[in-house]
Amino acid sequence: MTQKTPLYGLHERLGAKLIDFSGYLMPLHYGSQLDEHHHVRRGVGIFDVSHMGIVDIEGEDAGALLRRLLANDVAKLRNPGRALYSCLLNPAGGVLDDLIVYYREPGRYRLVLNASRKEADTDWMRSEVRTLRVRFEPRADLGLLALQGPGAQEALKIVFTPGFAERLAALKPFAFLENEEGFVARTGYTGEDGFEIALPQARLTQAFSAWVDAGVPPIGLGARDTLRLEAGLNLYGQDMDETTSPLESNLAWTVAWDPAERDFIGRKALEQERQRGVTRLLTGVVLAGPGVLRSHQELREGERNIGLITSGSFAPTLGFSIGLARVQEPRPAHAKVVIRDRALEVRWQPPPFVKQGRVLVPRAD
Amino acid sequence: MNKLSKDLRYTESHEWVRRDSEQEITIGITDHAQEALGDLVYAEIYPVGKRLDAGDVCAVVESVKAASDIYTPLAGTVAAGNPVLAKSPEIINRDPYGEGWLLKVKTAHPVDLSGLLDAAGYERMLAEAH
């Protein structure tokens, strides 16, 4: 069954091309995916990401449960108002989901989960509760917007009171504030400055409309994908899943090994993998010539298969194609990608490809 | 509403075809096709001289999101590719029936487009698909 976000009617009126994404009818673009991409890199844009799951975990053992469930350590969040990115792992070290956890106050946390994983994640987390004193509250009553781009800070004033907008503008990355105006974090999935904003449904529609009416363009999931790919950010289900570990998904930095006695789920498997060394690793790829990298294309050294493209696209900021690929370690200096029976030279390029409007890739020619 | 040209013939796979001379046709994609594909970023036209059977792939166009094969309805050889496409594939979005043509095919036999859809037939097909 296909679901709709509270903004569905607005998307239709704005002329969105709507597609099924993780069971939700979501805007792919509102006319031009390329233009939308550039708006976010150069100015600002507003995304409806209400398909994502928001779950509040509360109770005196909420912190203890999350320290068991997450590969990153919520104990790093010394003060309320800070958030961190983490993987949720299975016992084999495979990635069940990637998420952001927000520390609201002692015993109160909020998780934002991928749309496709929210039910499975919640079932999994509940199964680990046992005797701990925690409550789960899925927040279907809240919608989520992302205001992204170098102009995001300025655009806060369109919706929020001057006082709140000023306090939001002072937030550091991965910090957040909440009050009756909303729950607003300095996070995003575009490689640009920006904010993610959780609001109750009525207020969600009002805020989205206010931004659009003030000239902040709505941005679809198409541009969201090319923006995140240029930013070198993984997409769950494509660049990583239950069969890949964070270590081989470029996310070793999100695994909190210290303190050694914290026994998070998947730790043993990851420690073994770390000792052995990973046998394959997610890396960035640039296609030197014309053509477009796509997921599932094969990478070769000579006749030997050495990996697969997991995400590939034309990169609008760069004007050529880039991708993420899972490649055997150690990887050869030279490799080719097979596109429709032709083998084309690729270059390795550690992600990100673009960060805060800056191109980090030497031109492909 | 999709723009259609009365002078062209159409395929069920959303190419348009124009008879240029006794033994040459031009092939492009329809307005409906460019809109469905979204922003086009790359077009690969098969090399001049490449022999094609009717129904063979003769080009590939890629939008940001997906690649799409283009088929020739008539047998022949590739006579020319649109030289503008290498630098400006977005011309296909802007002017699919004009500047955004894809390739010309020198046909193996005198051009006969009677097996293809006319504008009304293509329009009907689109309407039925919805």
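Note that residues are indexed from 1 along each chain, following the sequence as it is written. Here chains are named by letter from A upward and ligands by number from 1 upward, in the order in which they appear as written. In keeping with the model being predicted, local features are shown solely for residues with a pLDDT of at least 70 and side-chain atom pairs are shown and tallied solely at 80 or more, while totals for entire chains, interfaces and linings include all residues.

Visitor: Any chance you could break down the pairing of strand 8 (residues 108-113) of chain A for me, citing the residues and the numbers?
Guide: A regular strand places its side chains on the two faces of the sheet in alternate fashion. All names here are of chain A. Burial within strand 8 is extensive, with five of its six residues counted as buried. Bridge count for strand 5 (residues 53-58) against strand 8 is six bridges, and the pairing is antiparallel. Its bridge partner lying in strand 8, V55 is registered against L111. DSSP-based pairing: two strands are paired if at least 2 bridges between them are found. Helix numbering and strand numbering both begin at the N terminus, where a helix is a DSSP run of H or I of at least 4 residues and a strand a DSSP run of E of at least 2. Direction of pairing for strand 7 (residues 95-105) relative to strand 8: antiparallel, over a ladder of five bridges. Looking at the pairing, V101 lines up with L111 of strand 8. Exposure is read from a count of other C-beta atoms within 10 Å of each residue's own; the residue is exposed at 12 or fewer, buried at 20 or more and partly exposed in between. C-beta atoms are placed from the backbone.

Visitor: I'd like to hear about the sheet that holds strand 15 (residues 280-287) of chain A, residue by residue, with values.
Guide: Residue and element names in this part refer to chain A. A barrel is described by the order of its strands in space; here six strands give the closed sequence 15-18-17-16-19-20, paired in antiparallel fashion. Taken over all neighbouring pairs, the strand axes of this sheet differ in orientation by 45° on average, direction set aside. Bridging between strand 19 (residues 335-339) and strand 20 (residues 342-348) involves five bridges; their strand directions are antiparallel. From the neighbouring strand, A335 faces strand 20, where its bridge partner is V346. Helix axes are fitted only over the stretch in contact, all axes being lines through C-alpha atoms; the angle between N-to-C directions runs from 0 to 180 degrees.

Visitor: So, the interface of chain A and chain B: which residues are in play, and what are the values?
Guide: If you look at the interface, chain A gives 13 residues, while chain B gives nine residues. At the level of elements, helix 2 (33-42), helix 8 (221-230) and strand 17 (304-315) of chain A are the ones that each hand at least two residues to the side of chain A that touches chain B. Residue polarity follows a fixed list, in which Ala, Val, Leu, Ile, Met, Phe, Trp, Tyr, Cys and Pro are nonpolar, Asp, Glu, Lys and Arg are charged, and the others, Gly among them, are polar. When its residues are assigned to classes, the side of chain A that touches chain B shows four nonpolar, seven polar and two charged. By the convention adopted here, residues are in contact when the distance between their C-beta atoms, placed from the backbone, does not exceed 7 Å.

Visitor: Go over the sheet that holds strand 3 (residues 24-29) of chain A, please, and point to the residues and values.
Guide: Residue and element names in this part refer to chain A. If you walk across this open sheet you meet the three strands as 1-3-2, and the pairing is mixed. Both outer strands of the open sheet, strand 1 (3-4) and strand 2 (17-21), are each paired with one neighbouring strand and no more. Examined bridge by bridge, strand 1 and strand 3 share two bridges and lie parallel to one another. If you follow K4 over to strand 3, its bridge partner there is L25.

Visitor: Describe the nonpolar core, and please don't skip the residues or the numbers.
Guide: Counting residues in each nonpolar core, the largest one holds 68 residues, and the members touching the most others are L66(A), V101(A), Y109(A), L145(A) and L147(A). The element best represented in this core is strand 7 of chain A, accounting for six residues. Not counting chain neighbours up to four residues away, the residues in contact with L66(A) comprise I57(A), V74(A), V101(A) and Y109(A). Counting residues in hydrophobic clusters, the runner-up holds 53 residues, among them L287(A), L293(A), V78(B) and L85(B). Buried Ala, Val, Leu, Ile, Met, Phe, Trp, Tyr and Cys residues whose C-beta atoms connect them within 7 Å together make up a nonpolar core.

Visitor: Explain the environment of R9(B) to me, and be specific about the residues and the numbers.
Guide: All names here are of chain B. You can see R9 is positioned in strand 1 (residues 9-10). Given 22 C-beta atoms within 10 Å, R9 falls into the buried group. With 111 residues separating them in the primary sequence, R9 and A120 have C-alpha atoms 9.8 Å apart. Setting aside residues no more than four positions away along its own chain, R9 makes contact with V17, L113, L116, L117 and D118.

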